[in-house]
Amino acid sequence: MTASVAAARPEVARRTRRRGGIVPPWWFAVPAILVYALVVLYPSIAGAGSAFTDWSGIGEAKSFVGADNFKQLLRDDQALGALRNTLLLTVAIVVVQNALGLLLALGVHTGIKSRLMLRLVFFAPVVVSPVMVSFLWKFVYNPAPDAGLNAALGAVGLGSLRQDWLGNPSIALWSVAFTVIWQCAGYSMVIFLAGLEGVPAELHESAMVDGAGTVARFRHITWPLLAPAVTINVMLSTVGGLTLFTQIIAMTNGGPGYATDTLSTVLYKQAFVFGKFGYSTAVALVLAVFVAAVSFLQIGYLRSRETTA
Amino acid sequence: MKYRPRTFLLELVMIAVAVGFLFPVYVLVTLAFKDQQQIANEPLSLPSPPSVSSFGEAWRSAGLDSALLNSTLITVASVLLLIALGSLAAYFLARTATRLSYSLYILFLVGIILPFQLGMIPLYQLVDDLGLLGTYQGMILFYTGIQLPFTVFLYTGFIRSLPADYTNAALIDGASHLQAFAHVIFPLLRPITGTVLILNAVQIWNDFFTPLLYLGGSGHETVPVRVFAFVNQYTSNYGLVAAGLILAALPILLLFLFLQRYVIRGFASGLKG
């Protein structure tokens, strides 16, 4: 209110001081808020609202059905399977991608001559579209015994490990996870590298003088100081894993059967294939609550680790 | 740091890891340079003799020239809008300490963790009602809105770390708020503007799902959407598909090679907060 009253006065009167500077006019924020409200806030609220209706997506006709969509979700084996897949994928991606990213960062943060070249190699997949990376890996996962990964396994004498990587329901999910990890490990690596640059070299030098080995120095110096990088990496890969969509649509379309369906692909299919928009937004709301809850828990836990470390 | 035998050993290990890491790229490149018969007979070997005919055909049948134009137009317009709207809003949020501005800041932050799937369907309806399905404007509006929270977050953090006094002199000299922002504040934001530009451009350029939904069949499809359709159409012609994928990924990879220092720094600093 005060802002709008002040805005009506001449230029000079608006220049009240706060935080040691002259306050910018409130309308600086208006265009951004309007676009944000139109594209994100309004649709999200509307989406959450229609989760309690039987909306078919065509026309305005919808009636309030309370928690029916959520009850249906609890009985829907496909959705429950997708929830399980989503959680498994997320855990695999968070753990492996960040462990690999950390190892790569430690490896290229040393005095090896090829370190700059290697950073480029490991990071390059990050800038390529996930759709294209997915198609690239479909070549690698070619089910023929003499193509792609199978051929490479045969060539190094591991022919017994040959698989139908995307066609075998018990493996397909992990094949997709590995593609995501391959693409995003460089992303984690870069954030860890930024963290490693903040570790003072003197700490390592004095610890070395005291006789601390590589492992001890990592445990007591590097790892605690990397805490903020760990927080960011874990947060990003968790949200990425929970909302994973493109790679699955491009590589398996949720199959074979429902073996690689996730919450995102289920809500997409329910809406745009089966025309059950109300039910679909209920799945979306469950996904949103999951993402929010996990994010808050992680921020709380990881931040406390940062300050005590 | 001295180069010891241990360093050499590490060097070998890391190079071996990189070779394994590049295996998918080897598969893709060799496929693109082989003819159908060679792909069937010796799928993993080097192409001999290499044939480049797949590339011309892939370029034409995927319609990559117009897709590149569409992607460029949508990405550039969205990023420019994000920089303009995001920096202005963040300047207000970072420089005022009222309850209103704090609530607005939190409201923007919520957008970072809100999965877009929640609003996906109502937004589709809205874009349709506004007559923006299949248009550039619809996509630009969408990307500006969806990427604003992250952009505002980056700018606000940066502006808070700047001393507040810079604009006062300009304002006292009689400049308007907008002039002071454009001539004094905005140039100071250059490092974070670089980060905002790179992170948003990569995100928008590579997005697949939204343009598939909003632009499918409009003739305005972006590169990922064209490639998706192309791959599904020529699914059994591995050489052609591989060539198409390489051509589609090449522009962003070349850009990355030129800007790699800034890209990597942007990713790291942008996300360190």
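- In the nomenclature of an unreviewed UniProt entry, chain B corresponds to Raffinose/stachyose/melibiose transport system permease protein from the organism Kribbella shirazensis.
- Its UniProt record, at the heading Sequence similarities (unreviewed entry), says of chain B: "Belongs to the binding-protein-dependent transport system permease family."
- On record in UniProt, under Subcellular location (unreviewed entry), the comment for chain B is "Cell membrane".

- Per an unreviewed UniProt entry, chain A is named Raffinose/stachyose/melibiose transport system permease protein, and its organism is Kribbella shirazensis.
- Quoted straight from UniProt, the Sequence similarities (unreviewed entry) entry for chain A says "Belongs to the binding-protein-dependent transport system permease family."

### Focus on the overall build of chain A
Here comes step 1: Of the regular secondary structure elements, chain A holds 14 helices and two strands.
Here comes step 2: For chain A, the C-alpha radius of gyration of 25 Å lies well beyond 19 Å, the compact-globule estimate for 309 residues.
Here comes step 3: Its C-alpha atoms put chain A at 75 × 55 × 30 Å along the principal axes.
Here comes step 4: The buried share of chain A, taken over its 309 residues, is 52%.
Here comes step 5: Once local pairs closer than 6 in sequence are excluded, the contacts in chain A between residues at least 24 apart make up 66%.
Here comes step 6: Just so you have it, chain A exposes about 13700 Å², and 68% of that area is on carbon and sulfur atoms.
Here comes step 7: Measuring between centres, the 21 positive side-chain charges of chain A sit 8 Å from its 14 negative side-chain charges.

### Things to note about the packing of helix α5 (residues 64-95) of chain B against helix α13 (residues 223-233) of chain B
Residue and element names in this part refer to chain B.
Here comes step 1: Interaxial distance between α5 and α13 falls to 8 Å at its minimum, and their mutual angle equals 150°. When the interaxial angle is binned, α5 and α13 end up roughly antiparallel. The residues of α13 that touch α5, namely those facing L64, S66, A67, L68, N70 and S71, are V223, P224, R226 and V227.

### Details of the domain arrangement of chain B
Residue and element names in this part refer to chain B.
Here comes step 1: Partitioning chain B into domains gives domain 1 (5-50) and domain 2 (62-270).
Here comes step 2: Using C-alpha coordinates to define each centre, domain 1 is positioned 35 Å away from domain 2.
Here comes step 3: Between domain 1 and domain 2, the buried area comes to about 530 Å², and carbon and sulfur atoms account for 78% of it.
Here comes step 4: Viewed at the interface, domain 2 and domain 1 are joined by zero salt bridges.
Here comes step 5: One can count zero residue pairs in polar contact (both at pLDDT 80 or more) joining domain 1 with domain 2.
Here comes step 6: When residues of the side of domain 1 that touches domain 2 are traced back to their parent elements, those giving at least two are α2 (23-32) and α3 (36-41).
Here comes step 7: Of the residues assigned to the side of domain 1 that touches domain 2, the class counts are five nonpolar, one polar and no charged.

### A short note on the UniProt feature "domain: ABC transmembrane type-1" (unreviewed entry) in chain A
Here comes step 1: UniProt records the feature "domain: ABC transmembrane type-1" (unreviewed entry) for residues 83-298 of chain A in the present numbering.
Here comes step 2: Across residues 83-298 of chain A one finds 72% helix and 0% strand; the C-alpha atoms that close the span lie 20 Å apart.

### Regarding the nonpolar core
Here comes step 1: If you look at the biggest cluster of nonpolar residues, it comprises 167 residues, and the most contacted ones within it are A:F122, A:F123, A:M189, B:V223, B:V227, B:L245 and B:F267.
Here comes step 2: Of the domains in this structure, domain 1 (5-50) and domain 2 (62-270) of chain B are the two that each give at least three residues to this core.
Here comes step 3: Residues within four places of B:V223 in sequence aside, it is in contact with A:M132, B:L64, B:A67, B:L68, B:S71, B:W205 and B:A248.

### What about the packing of aromatic side chains?
Here the distance between the centres and the angle between the planes together describe a pair of aromatic rings.
Here comes step 1: Under the criterion given, the structure shown has 33 aromatic pairs over all chains.
Here comes step 2: An aromatic cluster is present here, built from A:W55, A:F245, A:Y268, A:F272, A:F277, B:F116, B:Y124, B:F142, B:Y143, B:F209 and B:Y214 joined pairwise through their rings.
Here comes step 3: For A:K113, the ring lying beneath its charged end belongs to B:Y3, and the centroid distance is 4.1 Å.
Here comes step 4: Taking NZ or CZ as reference, B:R160 lies 4.8 Å from the ring centre of B:Y105, over its face.

About the thresholds
- Residues numbered from 1 in each chain as written.
- Chains lettered and ligands numbered in written order.
- Predicted model: local features only at pLDDT ≥ 70, side-chain atom pairs only at ≥ 80, totals over all residues.
- Heavy atoms only, no water.
- UniProt positions renumbered as here; feature names shortened; annotations may be inferred.
- Helix = DSSP H or I, 4+ residues; strand = E, 2+ residues; numbered from the N terminus.
- Rg over C-alpha atoms; globule rule 2.2 N^0.38 Å.
- Buried < 20%, exposed > 50% of the residue type's maximum accessible area, 1.4 Å probe, protein only.
- Contact = heavy atoms within 4.5 Å.
- Areas by Shrake-Rupley, 256 points an atom, 1.4 Å probe, with all protein chains shown as cover.
- Lys, Arg positive; Asp, Glu negative; His and termini not counted.
- Charge placed at Lys NZ, Arg CZ, Asp CG, Glu CD.
- Axes fitted to C-alpha atoms, helices over the stretch in contact; angles between N-to-C directions.
- Parallel < 35°, antiparallel > 145°, perpendicular 65-115°, else oblique.
- Domains from an automatic or database assignment.
- Buried area = accessible area lost by both parts, 1.4 Å probe.
- Salt bridge = Lys/Arg side-chain N within 4 Å of Asp/Glu carboxyl O.
- Polar contact = N/O pair within 3.5 Å; in protein donor to acceptor, adjacent residues only side chain to side chain.
- Nonpolar A, V, L, I, M, F, W, Y, C, P; charged D, E, K, R; others polar.
- Core = buried A, V, L, I, M, F, W, Y, C linked by side-chain atoms within 4.5 Å.
- Phe/Tyr/Trp six-rings, centres within 6.5 Å; stacked < 30°, edge-to-face > 60°.
- Lys NZ or Arg CZ within 6 Å of the ring centre and 35° of its normal.

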